[in-house]
Amino acid sequence: MKKYQRALALLLALLLLAFTVMACGNKETPADTTDTTEPIGPQSTDKEDVELTGEAAEVAAEKGFGLADIPEISNKEPINVMVEASGSGDTIVSFIEKFAEKTGVEVTYEMIVMTSAYSKELNELQAGTGAYDLVMVETSWTNEWKDYLIDIGTAAEEYDPKGKAGLEADLENYDSGLLRCATTTDGVLMGLPYYSYPLFQYIRQDVFEDETEKAAFKEKYGYDLAPATTWDQIHDQGEFFTRKKGDTLKGEVLDHDIYGLAMMAGQFPHVQDEMAARIWGMGGHFATPVRDASGEITEFVFTKEDQEIMLQACKDYVEDMKYSPPGTENAFWDFAGSQFAAGNAIIMPDQYNGLWTWMVTDLAANVPGATVVAAPVPGMQPYTGGFFMGISKDSANIEASYWLARYIASYEAQYEMPLSGGWPVTRFDVVESAQANPDVDEATYHEAFGYGEAQIETAEYQTPYINDYLHFNSDAAGKLYDEMTTVFHENAVGVHTPEETVKIWGEKLVDVQNTYGSVPASVEE
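An account of the accompanying structure is given in this report. If you're wondering where the values come from, they're calculated on a predicted model, not measured in any experiment. The numbers attached to residues start from 1 for each chain and follow its sequence in the written order. pLDDT decides what is reported in this predicted model: residues at 70 or higher carry local features, side-chain atom pairs at 80 or more are listed and counted, and totals for whole chains, interfaces and linings draw on all residues regardless. To obtain the side-chain values, all non-hydrogen atoms of the structure were included, while hydrogens and water were left out.

## So, the overall build of the chain
Scanning the chain for helices and strands turns up 22 helices and 17 strands. Burial statistics for the chain: of 525 residues in total, 60% are counted as buried. Contact between two residues is taken to exist if any of their heavy atoms lie within 4.5 Å; hydrogens are not considered. Partitioning the contacts of the chain with sequence separation of at least 6, the portion at a separation of at least 24 is 75%. Total accessible area on the chain stands at roughly 20000 Å², and carbon and sulfur atoms take up 50% of it. In this text, helices come from DSSP runs of H or I with a minimum length of four residues, and strands from runs of E with a minimum of two, each type numbered from the N-terminal end. Think of it in three bands: with a 1.4 Å probe and only protein chains considered, a residue is buried below 20% of the maximum accessible area for its type, exposed above 50%, and partly exposed in between. Using a 1.4 Å probe, the Shrake-Rupley method yields the accessible areas, and only the shown protein chains count as cover for residues.

Okay, structure coming up:
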């Protein structure tokens with residue numbers, strides 16, 4: 001996450017919600033899209049693009065797929081791609097350009113902020129305009145959008161010399177949880193995740209290892225200071241590390257207030273992700289799927305147990321807000337990350353892996369001697385998911401679209417991206433080979449892949465549970481996800497009590513699912 005992006009992130013989130021930014025190219029501009037006066041291309045970065053060397057290059061060669069392995073594409077019709085207007089968008093541009101140069105297929109791209117992507121893309125897909133050959137699909141939209149997309153296996157069968165078998169041989173290298181998130185309820189993988197954002201704890205390692213702090217914590221709470229494994233421990237740690245100017249931290253007098261936690265309670269699509277980590281980690285659901293003997297979902301039920309767990313999670317979240325900096329009421333990832341990187345907060349209890357490189361570099365620059373470590377969230381069931389490039393059924397060049405989607409999610413690209421300035425990977429083989437590669441020193445590995453072990457540990461635990469999450473089973477999940485933003489933001493800031501919040505969510509679930517979904521939803525009385 002580059003420095004200039006952080007400075008502009010709030011402006012993007014607040015001012016660009018209604019429009020998108022069109023990148024270079026001559027393809028017809030879809031409706032409601034604002035053209036820029038100058039083409040948007042690769043921006044200056046802190047690091048140059050890297051090429052695979054040493055063991056990484058050997059591993060890529062063994063895997064048999066990279067840019068050089070893309071076959072001649074017979075269809076040269078230009079393609080248009082949607083990418084997120086953030087760090088992911090800026091990083092991915094150079095790889096799109098590499099693809100275009102290699103294949104001779106002109107690729108235009110459009111950048112859009114996440115909060116506008118759902119409605120903008122879905123309108124074009126439903127209208128069958130063919131405006132986008134590849135759409136940016138958040139994995140919770142998978143079931144809802146399946147009728148407008150060509151699944152990746154069907155495209156492989158048609159255009160890959162190795163057929164679907166060649167694609168499937170590579171799937172074992174991906175984050176298993178992300179693959180389930182990108183799969184429909186009837187088992188069809190719609191795309192290959194190229195960008196991930198499961199939540200982890202970001203912890204001030206230097207503080208947690210300080211002997212003075214460890215002794216004081218144990219004296220007060222009766223157990224050792226360590227990465228939290230329960231939400232009660234998060235509460236204790238938030239309370240313990242919230243201190244006033246003039247207090248001490250690590251034996252040194254503070255010249256400003258600090259807070260134990262940095263949370264994201266704003267009316268952005270992040271507060272519900274924090275709530276998901278708590279609800280799922282405590283054994284609850286936003287709605288529990290009911291299946292028949294064949295395994296097909298016949299209903300979603302917001303059970304009494306789900307309601308009890310959600311109520312407790314809502315109460316806990318409100319209590320923990322006391323230990324997060326002023327401004328948390330309107331915060332999203334940028335604010336929380338800025339507070340942590342500035343040394344104003346000790347723990348981000350559930351934050352996206354995409355902030356990792358930013359936190360490592362800026363925390364060290366802002367707070368001498370400070371270090372950060374990643375740990376699974378309590379309960380090890382965070383909000384998980386990512387983006388994949390969905391191939392539109394209305395694309396005029398499905399062949400090129402398939403190969404670009406395949407390349408961006410390949411070992412080669414996924415390895416180079418983190419080392420080029422930060423990228424949240426989707427493949428376990430990338431993390432594992434980087435860790436073992438003597439060409440990647442310890443500091444470089446930590447900066448680019450330091451969250452990787454926590455991601456692997458989490459995915460291995462969480463994957464079996466994903467099959468029961470509402471987000472990845474409902475074909476109205478995109479609309480439900482939008483409702484969650486308001487429901488849980490208003491709980492966090494006190495517009496509604498936790499008890500009212502649970503009732504409101506049940507009403508929203510039934511209304512949206514029964515209006516737009518293919519199976520009914522109900523609330524257990």
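## A closer look at the nonpolar core
Soluble globular proteins: nonpolar side chains tend toward being buried together. Counting 164 residues, the largest nonpolar core has Tyr-194, Phe-286 and Trp-505 as the members making the most contacts within it. Domain segmentation is taken from an automatic or database assignment of domains. A domain split of this core shows at least three residues from each of domain 1 (30-198 + 385-450) and domain 2 (200-381 + 467-523). Here, nonpolar core means buried Ala, Val, Leu, Ile, Met, Phe, Trp, Tyr and Cys residues that are tied together by side-chain atoms lying within 4.5 Å of each other.

## Notes on unusual backbone geometry
Positive phi, normally seen in glycine, also occurs at Lys-250, with a value near 55°. Tracing the chain through its elements places Lys-250 in the loop between β9 (248-249) and β10 (252-253). Residue Met-380 is not a glycine yet carries a positive backbone phi of 55°. Structurally, the position occupied by Met-380 is in the loop between β15 (372-375) and β16 (386-392).

## A closer look at the side chain of Gln-272
Inspection of the secondary structure assignment puts Gln-272 in helix α12 (residues 271-281). Of the polar contacts made by the side chain of Gln-272, one reaches the backbone oxygen of Tyr-481; its length is 2.9 Å. Setting aside anything within four residues of it in sequence, one finds Gln-272 in contact with Phe-286, Tyr-481, Met-484, Thr-485 and Phe-488. In the analysis that follows, any N or O atom pair within 3.5 Å is treated as a polar contact, provided that within protein one partner can donate a hydrogen and the other can accept it, and provided that, for residues neighboring in sequence, both atoms belong to side chains.

## Focus on the packing of helix α6 (residues 152-159) against helix α7 (residues 163-171)
Put simply, α6 and α7 touch, their axes get as near as 6 Å, and they point 130° apart. As far as their axial angle goes, α7 and α6 are oblique. Along the contact surface, α6 presents Ile-152, Gly-153, Ala-156 and Glu-157, while α7 presents Gly-163, Lys-164 and Leu-167. Helix axes are fitted only over the stretch in contact, all axes being lines through C-alpha atoms; the angle between N-to-C directions runs from 0 to 180 degrees. An angle below 35 degrees is treated as roughly parallel, one above 145 as roughly antiparallel, one from 65 to 115 as roughly perpendicular, and anything else as oblique.

## Overview of the sheet that holds strand β8 (residues 199-204)
By way of backbone hydrogen bonds, the strands of a sheet pair with one another, either parallel or antiparallel. Strand order in this open sheet of 4 strands is β11-β14-β8-β15, and the pairing throughout is mixed. Of all the strands in the sheet, the pair left with one neighbour each is β11 (259-261) and β15. Averaged over all pairs of adjacent strands, the angle between their axes in this sheet comes to 25°, without regard to strand direction. Here, any two strands with at least 2 DSSP bridges between them count as paired. Two elements, β8 and β15, share 4 bridges in a ladder whose sense is antiparallel. Residue pairing across strands places Tyr-202 opposite Ala-374, the latter belonging to β15. Along the sheet, α12 makes contact with β8 and β14 (345-352), crossing β14 at roughly 90°. Contacts from helix α15 (residues 356-366) reach β8, β14 and β15, with the element oriented near 155° to β15.

## Looking at the pattern of salt bridges
For salt bridges, the criterion is a side-chain nitrogen of Lys or Arg within 4 Å of an Asp or Glu carboxyl oxygen. Taken as a whole and assessed by the stated rule, the structure comprises 19 salt bridges. Across the salt bridge formed by Asp-224 and Lys-218, the nearest N and O atoms sit 3.1 Å from each other.

## A short note on helix α21 (residues 477-492)
A helix is expected to reach a length of 1.5 Å times the quantity of its residues less one. For α21, with 16 residues, the first-to-last C-alpha span of 22 Å sits near the 22 Å given by 1.5 Å per residue. Along its buried surface, α21 packs onto α4 (114-127), α5 (142-145), α12, α13 (304-320) and α22 (498-516). Within two residues after α21, Gly-494 carries a phi angle of roughly 85°, on the positive side.

## Description of α12
In terms of burial, α12 is a largely internal element, 10 of the 11 residues being buried. Taken residue by residue, α12 has Val-271, Gln-272, Asp-273, Glu-274, Met-275, Ala-276, Ala-277, Arg-278, Ile-279 and Trp-280 as its buried positions. As for α12, its buried residues are in contact with β8, α11 (231-241), α13, β14, α20 (452-466) and α21. Just downstream of α12 lies Gly-283, where phi reads positive at about 95°.

## Some words on the packing of α12 against α21
Remark: α12 packs on α21, axes separated minimally by 8 Å, with the N-to-C direction vectors making an angle of 85°. As judged from the angle between their axes, α12 and α21 are roughly perpendicular. Of the residues in α21, those touching α12 at Val-271, Gln-272, Asp-273 and Met-275 are Tyr-481, Met-484, Thr-485, Phe-488 and His-489.

## Some details on the sheet that holds strand β12 (residues 288-291)
The strand order β12-β13-β17 describes an open sheet built from 3 strands, whose pairing is mixed. Every other strand in the sheet has two partners, leaving β12 and β17 (521-523) as the edge strands with one partner each. Going across the sheet, the axis of each strand differs from the next one's by a mean of 30°, ignoring polarity. Packed on one face of the sheet, α13 meets β12, β13 (297-302) and β17 and runs near 45° to β13. Across the sheet, α22 touches β13 and β17, and the angle it forms with β17 is around 160°.

## Things to note about the environment of Asn-467
For Asn-467, the location among the structural elements is in the loop between α20 and α21. The spatial distance from the C-alpha of Asn-467 to the C-alpha of Pro-289 is 9.2 Å, given a sequence separation of 178 residues. Apart from residues lying up to four places away in sequence, Asn-467 is in contact with Arg-180, Arg-291 and Asn-473.

## So, the environment of His-235
With respect to the helices and strands, the residue His-235 is situated in helix α11. Setting aside anything within four residues of it in sequence, one finds His-235 in contact with Glu-319, Asp-320 and Tyr-323. A distance of 2.8 Å separates the side chain of His-235 from the side chain of Asp-320, its partner in a polar contact.

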